[in-house]
Amino acid sequence: MKKYVIQGGKPLTGEVSISGAKNAVVAILTAAVLAESPCVIENIPAISDVKYIAKILESLGALVEEVEPSVLRIDPTNVHSMVVAPEHASRLRASYYFLGALLAKFGKAQVPLPGGCDFGVRPIDLHLKGFESLGASYRLERGVVHLSSEELSGDHIYFDKVTVGATINVMLAAVKAKGLTVIENAAKEPHIVDLANFLNSMGANIMGAGTDIIKIKGVDHLYGTEYSIIPDQIEAGTFMAMAAATHGDVLVKNVIPKHMEPISSKLRRMGVEVTEYDDSIRVRYCGVLKATDVTTRPHPGFPTDMQPQIAAVLCLADGISIVREGVWDSRFKYIDELRRMGADVSVNERVAVIKGIDHFVGAPVRAVDLRAGAAVVIAALAAEGVSEIENVRYIERGYERIVQKLRNLGADIECVTVEEEALV
Ligand code: EPZ
């Protein structure tokens, strides 16, 4: 088992280059199964979620080849299976995108309920409602979703909750359906737009992605394409938070500043200097961090996937901050780990009240999920003394070469392998 050992207290300085977006690439790699010829996709992050999706593609009969670092060629011409194996599906949330993609390709799909981070209940009722609207029927048997349809035809689908996953799944299912599909109250995250752009480059006809109304005119054929994944908004935001927490000065490169606006404006409110350039952002600590309130909301609100990270920074702010989680029922499990490092936080359901402390103190902690892991790394980098972080596999699901990137910024961090303790 691997763990990170971090000697805190060193300001991060220098430059870091952001990798391709995890939540875009898992949808785009899945969508490649719809093409009638090979796709070449660039700026793919070397993270375990990409490996898991690639394994599912290969299990269905696709050829997945790394033509050069961060570039994959996917040849789906021999994909004949519409069954995703449980051992693959359970590894990540995004495995359920194969429901929409395989339904569009074969009119059938058999995909186990997904894995992913535990934020309390994570239903898929809106995905299934979307598939039914397009003419598919489903049954849930022993944890596996069985979808089938004679013919998919467009419909007007209204989501009473903004949902990234169901917006993506319905886009995938509708892209070859007969006629027009309208998704109302659609998710607007950057990765939704990236998927729509990818599908359109394959010959799809999708309009309005990035707004709350997406229109999809079904087409008969989708062709192989070449495409480059957008930079990861959350990885970039995580490094911006690290710079602030460690009193550093970091140039975060290969970003789309517009995607970063909710995070940049929050850090400015905290007294951090944030300067935007064409494709980079400089984050410089310049004095006491000010307490502020945060409510997470679907894009363009403050992203829920940055909630643990900004909370870790707010633990070091001067005053009392209130963090409200607007998307998930239970996304404060990581607070216990920050308390072990001295954080002064009280949590009541979806609200955390954070009282600023002078500094964290290094301690043995663990990552309880992907972004929670990022939060304890931030705390450890800023802490006095040494921290040891376990369960780093969660962190490596979504952050490419994070140890190397941090060492290049002056962090004292190393990844050590420890023997698994024999179960007595
Ligand atoms: C995606 O999860 C992301 N995962 C999550 O990021 C992110 O937190 C979330 O979107 C919100 O932005 C990927 O993209 C792989 P939702 P998803 O459907 O699609 C409710 C990370 O850290 N809902 O937008 O599962 C749901 O319970 C991960 O990278 C239903 O009620 O999220 C939640 O309250 C963690 N019924 C809300 O909608 C449904 O059928 C938003 O969920 C679907 C969702």
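Reading the values: the criteria
- Residues numbered from 1 in each chain as written.
- Predicted model: local features only at pLDDT ≥ 70, side-chain atom pairs only at ≥ 80, totals over all residues.
- Heavy atoms only, no water.
- Core = buried A, V, L, I, M, F, W, Y, C linked by side-chain atoms within 4.5 Å.
- Buried < 20%, exposed > 50% of the residue type's maximum accessible area, 1.4 Å probe, protein only.
- Contact = heavy atoms within 4.5 Å.
- Salt bridge = Lys/Arg side-chain N within 4 Å of Asp/Glu carboxyl O.
- Helix = DSSP H or I, 4+ residues; strand = E, 2+ residues; numbered from the N terminus.
- Pairing = 2+ DSSP bridges.
- Axes fitted to C-alpha atoms, helices over the stretch in contact; angles between N-to-C directions.
- Parallel < 35°, antiparallel > 145°, perpendicular 65-115°, else oblique.
- Left-handed = near helix turned anticlockwise from the far one by under 90°.
- Nonpolar A, V, L, I, M, F, W, Y, C, P; charged D, E, K, R; others polar.

**Student:** If you had to explain the nonpolar core to someone new, which residues and values would you point to?
**Tutor:** Among the nonpolar cores identified, the biggest contains 80 residues, and Leu 29, Ile 41, Met 171 and Leu 199 are the most heavily contacted of them. Beyond its immediate chain neighbours, meaning those up to four positions away, Leu 29 contacts Ile 41, Ile 44, Val 50, Ile 53, Leu 57, Leu 72 and Ile 74. Of all hydrophobic cores here, the second largest spans 78 residues; its members include Val 274, Leu 314, Ile 335 and Ile 389.

**Student:** Now, about the pattern of salt bridges: what can you tell me, with residues and values included?
**Tutor:** Scanning all chains against the criterion turns up 16 salt bridges. Here Glu 396 ties to Lys 2 by a salt bridge, and the two come within 2.7 Å at their closest N and O atoms. In this pair, Glu 396 sits in the loop between strand S22 (386-390) and helix H13 (402-408) while Lys 2 sits in strand S1 (residues 2-7), placing the two residues 394 residues apart along the sequence. Take Glu 396: its relative accessible area is 23%, and that puts it in the partly exposed class. For Glu 337, the salt bridge goes to Arg 366, with nearest N and O atoms at 3.6 Å. Here Glu 337, found in helix H11 (residues 335-340), pairs with Arg 366, found in strand S21 (residues 364-366); they are 29 residues apart in sequence, far enough to count as distant. For Arg 366, a relative accessible area of 41% corresponds to the partly exposed category.

**Student:** Could you give me a rundown of the pairing of strand S12 (residues 213-217), with the residues and numbers involved?
**Tutor:** Across the two faces of S12 the burial differs, with Ile 214 and Ile 216 buried and Ile 213, Lys 215 and Lys 217 not buried at all. As paired strands, strand S10 (residues 180-184) and S12 are joined by five bridges and run antiparallel to one another. Paired with Ile 183 across the bridge in S12 is Ile 214. Bridge count between strand S11 (residues 205-207) and S12: three bridges; the pairing is antiparallel.

**Student:** Quick rundown of the packing of helix H5 (residues 125-133) against helix H6 (residues 164-174)? Include the residues and the values.
**Tutor:** Contact geometry of H5 with H6 gives a least axis separation of 8 Å together with a crossing angle of 25 degrees. The orientation of H5 relative to H6 falls into the category roughly parallel. Along this stretch, H5 crosses H6, giving a crossing that reads as right-handed. For the pair H5 and H6, the contacting residues are Leu 126, His 127, Gly 130 and Phe 131 in the first and Gly 165, Ala 166, Asn 169, Val 170 and Ala 173 in the second. For the contact of H5 with H6, the residue count by class is five nonpolar, four polar and no charged.

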